[in-house]
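Structural overview for review
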Amino acid sequence: MRKVIRMVVKALGLYQFSVWFRENLHPMRALLCKFNYKRQLERIRNKPKSEKIRVLFIVSEIAKWKEQKVYEQMESSGIFEPIVGLSAWNKQSGLSSSELEAVHTRAEAFFDRLGDRHVRTVRIESGEKVFADLREFNADIVYYTEPWSPCKGQTPWEVSKFALTFYTPYYVPNYGYLYQECHLPVQRCCYGYFCLGEAWKVIFEKSLRFVVHICQFVPTGHPALDYFSCVSSGQREGDKIIYAPHFSFYNVNSPDYIQLYSTFDWNYKEILQYAKQHREFTWVFKPHPILRMWAQASGLMTKQEVEKYYNEWAKIGIVCEDGDYQKLFREARVMITDCGSFLTEFGATGKPVIHLKSSRNPRTPIQRMKGLYDTYYQVNNLDEMYGAFKMVIEECRDPNRDQRLVAVKNVGLCGVNASANIVNYLKLIFSR
């Protein structure tokens, strides 16, 4: 149906107008946010010191929860009162009520470790989705963890009327696809954007030179990397082999999808078979959370085949589908992946990465990351894959180790403590 609508709009000559309207609507919203944020900043600064600053983290999927250490830093500060708001993004808004209920039930079980410090910002009432007005949670700060379209009533330009907004991407930057990194409405309209470092701040600001945005880029490091600063020597702590496939292989039903990082369609059977033949290792299957849906929607696998594939991995190892993978990363010896964020996240450990490369992915790492990615073992086909497996997994050889450890330090991925930097920055702007 959407394709038909786009064709009609284009045929009527309205397409360019619609693009112009969308692009110019966001600058107007950004300027509105800037006006509102001045008032919100003053309001929070004038709160009695006895009142804590309430922070609402917006989370749609538990696999994308990378702010646990920020949450813990806030909770122990005595200044902030953090809570997690279970929400939805644009794709999830299309889920049926029962499917969304299942997503939130799993998320609640995951966040129960926080006690009663999680709330639903999208509820199911009489079988219908109801989007909460975030005002009801009395938040001084709304903290976004992903840039995709927030659900109704929860966008920065709506939230700016009663709270400050901050943003950290759930992924760690890698390819430097700047439109996705900092040009999306959430990123342009938040008060603050906690980015990976000073170099990334410069890159982002240059790319936005001719774009209206009001966010302040704050170089803090990424909280997902705080778990790995202690293992950046590249020393082996365990013997786990992690296979972490991205979802974005070519899908004939979504031919316009532009991020084709995944190689799953040409190696998923072979990697499972290899794992079955080498049970002397502890295997971890860490798929992208959308892989199940994409594998079915593309026609590569039926629902039954997807379930069977995941179950086969569960029989020979560990299947991890949530955000609690940091311990597994620390205990791993090597990662096999084509997932952009994990190329950086696991790279921060200093351990070897077998990089499965898609011929359909036109992007190369941004120059700052290239030195690190060049130390990975690049795989373009099955013959190269089996060669890398033999050398790195079976023979435990890692000829690029020393070069990789230097690259990890040069890129600034270790020893940063981003969570503390974020909390200290917030204390500073509120003068607490």
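The model shown is predicted, which means the values in this text are computed figures rather than measured ones. (Residues numbered from 1 in each chain as written. Predicted model: local features only at pLDDT ≥ 70, side-chain atom pairs only at ≥ 80, totals over all residues. Heavy atoms only, no water.)

**Here we look at the environment of Ile 203**
We count it as follows: Segments assigned H or I by DSSP are reported as helices when at least four residues long, segments assigned E as strands when at least two residues long, and all are numbered from the N terminus. Only protein chains enter the area calculation, which uses a 1.4 Å probe; residues under 20% of their type maximum are buried, those over 50% are exposed, and those in between are partly exposed. Any two residues whose heavy atoms approach within 4.5 Å are treated as being in contact.
Inspection of the secondary structure puts Ile 203 in helix 9 (residues 198-207). By relative accessible area, which is 22% here, Ile 203 ends up partly exposed. Considering only alpha carbons, one finds Ile 203 and Leu 178, 25 residues apart in sequence, at a separation of 8.6 Å. Excluding its chain neighbours within four sequence positions, the residues that come into contact with Ile 203 are Leu 178 and Ile 366.

**A short note on the nonpolar core**
This is how it is decided: By nonpolar core we mean a set of buried residues, namely Ala, Val, Leu, Ile, Met, Phe, Trp, Tyr and Cys, connected to one another through side-chain atoms within 4.5 Å.
Residues Leu 372 and Leu 413 are the most contacted members of the largest nonpolar core, which totals 57 residues. Leaving out residues up to four positions away in the same chain, Leu 413 has contacts with Leu 196, Leu 225, Thr 344, Ala 348, Met 369, Leu 372 and Val 408. Membership of the second largest hydrophobic core comes to 38 residues, among which are Ala 30, Ile 44, Phe 80 and Leu 164.

**Overview of the sheet that holds strand 15 (residues 377-379)**
Keep this limit in mind: Any two strands with at least two DSSP bridges between them are considered paired. In this analysis an axis means a line fitted to C-alpha atoms, helices contributing only their contacting stretch, and an angle means the value between N-to-C directions, from 0 to 180 degrees.
Pairing in this open sheet of 6 strands is parallel, and the strands run 12-11-10-13-14-15 from one edge to the other. Edge positions in the sheet fall to strand 12 (317-319) and strand 15, since each of these pairs with one other strand and no more. Sheet twist, expressed as the mean angle between neighbouring strand axes with direction ignored, is 20°. Judged from the 4 bridges that link them, strand 10 (residues 240-244) and strand 11 (residues 282-285) form a sheet pairing that is parallel. Within the sheet, the bridge partner assigned to Ile 241 lies in strand 11 and is Trp 283.

**Topic: the environment of Met 385**
Relative to the helices and strands, Met 385 resides in helix 16 (residues 382-394). Assessed through its relative accessible area of 0%, Met 385 is described here as buried. Put simply, Met 385 and Ile 336 are 49 residues apart on the chain and 9.6 Å apart in space, counted from C-alpha to C-alpha. With sequence-adjacent residues up to four places away left out, Met 385 is seen in contact with Asn 267, Glu 270, Ile 271, Leu 356 and Val 379.

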